[in-house]
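# Structural features, examined
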Amino acid sequence: MGNLISLIKDLIRIDSSTKQGANEAIAYCENWLLARGLTVNKLKNNGFDILICEVGSGEKTLILNGHVDVVSGKEIQFQPYEAEGKLYGRGSADMKAGVAAMMFAMADLKDEKLNSKIQLQLVTDEEIGGYNCTKYLTESGYVGEFVICAEPTNLGIGLQAKGVLQLDILVRGKSAHGSRPWEGENAILRSYELYKNILSLPFAKESSEFFRYPSINLAKITGGEVYNKVPDACVMSLDIRFLPFQNRQMIIDQIRSIDKCEVEVVLYGDPVMNSADNIHIQSLVSQIRANTDKDKVEIFGQHGFADTRYFSKFGIPAIEFGPAGNFWHGDNEYVDLKSVETYKEILIEFAKSFK
């Protein structure tokens, strides 16, 4: 386990919160894999480096997808330290421990007789959307029959994920003198009334097996020019995380049914929809049970999204599955070291049985 911890620490020490830093982390991973006799293929898209490493053979492919980029952090967070079985540092949980475990798994699987191909994908832009790396990979044919993204899940399975729909909604009013607001129509107030009505729309009240409801965040309101004028225009920005069975057009149509406002889609991300009955998910559940003391494996839905969404768009089952940790993106981010070793063993055994 010591070598695994050393690898995680080395990766944490690389400040990969920038493109340059993330590419530096990829170079480190490339050298590590090459030193262990593995073949790697390094791609570049819009300046972002991507690493592909493959072992095994066969008609089917299991993809292990991980990102080496991290969100920004304080300088001290790039100096990893251990305490009470935990390893602290920026990216320890999200997701350099998962990446390190995947790299070790590939090294261990190199000389095994496998039923399928196991493809490791290491990317550098997941934290800023994944458009240059995993999206590029899926559109370039780097796909398979099943995908594991090493997001920290406490050795549970993130089976589904909400989609994201970010909207700018232009609401118009009528200007008037600020001393006589009753003669105008305040676009900012109209925007807020629209927001409250959106919360009561049918899509906002729907639920599913893993989600109680969509989330609707009023992120920004931009309107008004001067104190003594009633604002005649306002832009309301919403961040909507919608349920996997819902769709973009339905949501937009329902919003427009309240008010003849102008709706602009700023960002859209596909939801992730998998079935717990999938044969590979059931196999993974069995491996988790065999390697842990978990009688019941936690299967849940994610409110945010990961690179799984790019595979899901093509109908490929893709899940989030990784070691235990906490406070990712926070000051005290850590990963549980025992869970990382267990995670590595689960990956190895799952890959051996994949067919």
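Basis of the calculations
- Residues numbered from 1 in each chain as written.
- Predicted model: local features only at pLDDT ≥ 70, side-chain atom pairs only at ≥ 80, totals over all residues.
- Heavy atoms only, no water.
- Helix = DSSP H or I, 4+ residues; strand = E, 2+ residues; numbered from the N terminus.
- Contact = heavy atoms within 4.5 Å.
- Areas by Shrake-Rupley, 256 points an atom, 1.4 Å probe, with all protein chains shown as cover.
- Salt bridge = Lys/Arg side-chain N within 4 Å of Asp/Glu carboxyl O.
- Buried < 20%, exposed > 50% of the residue type's maximum accessible area, 1.4 Å probe, protein only.
- Disulfide = S-S within 2.5 Å.

So, about the overall build of the chain. Across its full length, the chain carries 10 helices and 16 strands. Overall, the C-alpha framework of the chain stretches about 80 × 45 × 40 Å when taken along its three principal axes. Counting contacts in the chain only where the partners sit at least 6 residues apart, residues at least 24 apart contribute 79% of the total. When the accessible surface of the chain is summed, it comes to about 16100 Å², and 46% of that surface belongs to carbon and sulfur atoms.

A pair can form between side chains of opposite charge whenever their charged atoms are brought close. Under the counting rule described, the total for this entry stands at 18 salt bridges. Glu-345 serves as the salt-bridge partner of Lys-344, at 3.4 Å between the closest nitrogen and oxygen. With relative accessibility at 9%, the residue Lys-344 sits in the buried group. Three or more residues are tied together by salt bridges with common partners; here these are Glu-112, Glu-349 and Lys-352.

Here the focus is the state of the cysteines. In this structure the tally under the stated criterion is 0 disulfides. Counting only cysteine sulfurs, Cys-53 is the nearest neighbor of Cys-29, a cysteine outside any disulfide, at a range of 11 Å. You can call Cys-29 buried: its relative accessible area is 0%. Of the cysteine sulfurs around Cys-234, a residue in no disulfide, the closest is that of Cys-261, at 11 Å.

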